Amino acid sequence: MAASSRAQVLRLYRALLRESQRFSAYNYRTYAIRRIRDAFRENKNVADSAKIEELLNKAKANLEVIQRQV
């Protein structure tokens, strides 16, 4: 993975966790954080650049959903 895409993934990961912390309900907050961590751990060994791009787009869409719901 190129350094720039690695930095982009880490930036997106941190943004997702930061936004999830803003949920007022404890159950929603912990569920969102757990799902984010699990998803990133599950896909940490993906090497195909097309698959990485697809996962990044999916994560960006999820970030927008979280931002709207918070």
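Residues numbered from 1 in each chain as written. Predicted model: local features only at pLDDT ≥ 70, side-chain atom pairs only at ≥ 80, totals over all residues. Heavy atoms only, no water.

Enquirer: When you look at the overall build of the protein chain in this model, what are you seeing that I'm missing?
Expert: Of the regular secondary structure elements, the protein chain holds 3 helices and 0 strands. Helices (α) and strands (β) of the protein chain occur, in sequence order from the N terminus, as α-α-α. For the protein chain, the C-alpha radius of gyration of 12 Å lies close to 11 Å, the compact-globule estimate for 70 residues. Taken along the three principal axes of its C-alpha coordinates, the protein chain extends 35 × 20 × 15 Å. (Helix = DSSP H or I, 4+ residues; strand = E, 2+ residues; numbered from the N terminus. Rg over C-alpha atoms; globule rule 2.2 N^0.38 Å.)

Enquirer: How do you make sense of the pattern of salt bridges when you look at a structure like this?
Expert: Any two side chains of opposite charge can pair, on the condition that their charged atoms come close. In the structure shown here, the tally under the stated rule is 3 salt bridges. A salt bridge links Arg-22 to Glu-19; the nearest nitrogen and oxygen atoms lie 3.0 Å apart. Assessed through its relative accessible area of 52%, Arg-22 is described here as exposed. What makes Glu-19 buried here is its relative accessible area of 14%. Across the pair Asp-38 and Arg-41 runs a salt bridge whose closest N-O atoms are separated by 3.8 Å. (Salt bridge = Lys/Arg side-chain N within 4 Å of Asp/Glu carboxyl O. Buried < 20%, exposed > 50% of the residue type's maximum accessible area, 1.4 Å probe, protein only.)

Enquirer: Before we go on, may I ask you to explain the packing of aromatic side chains in this structure?
Expert: Given two aromatic rings, their pairing is described by the distance between the two centres and the angle made by the two planes. Counting across every chain of the model gives 2 aromatic pairs. Ring geometry for Phe-23 versus Tyr-28: centroids 6.3 Å apart, planes at 40°, classification tilted. Note on Phe-23: relative accessible area 12%, which makes it buried. (Phe/Tyr/Trp six-rings, centres within 6.5 Å; stacked < 30°, edge-to-face > 60°.)

Enquirer: Would you mind showing me how to read the environment of Arg-34 here?
Expert: Within the secondary structure layout, Arg-34 lies in helix H2 (residues 26-42). Separated by 14 residues in the primary sequence, Arg-34 and Ser-20 have C-alpha atoms spaced 9.9 Å apart.

Enquirer: Which parts of the structure should I look at to understand the layout of surface pockets?
Expert: The method is simple in principle: a probe with the dimensions of a water molecule rolls over the atoms, and the space it marks as empty is what remains. Taken as a whole, the largest pocket spans an internal volume of roughly 870 Å³. Among the elements of the structure, helix H1 (3-20), H2 and helix H3 (49-69) are those that each provide at least two residues to the lining of the largest pocket. Its residues assigned to classes, the lining of the largest pocket shows 20 nonpolar, 3 polar and 5 charged. (1 Å grid on protein atoms, 1.4 Å probe; cavity = no way out; pocket = protein on both sides within 12 Å on 5 of 7 lines; lining within 4 Å. Points joined across faces, edges and corners; volume = space filled by probe spheres on them. Nonpolar A, V, L, I, M, F, W, Y, C, P; charged D, E, K, R; others polar.)

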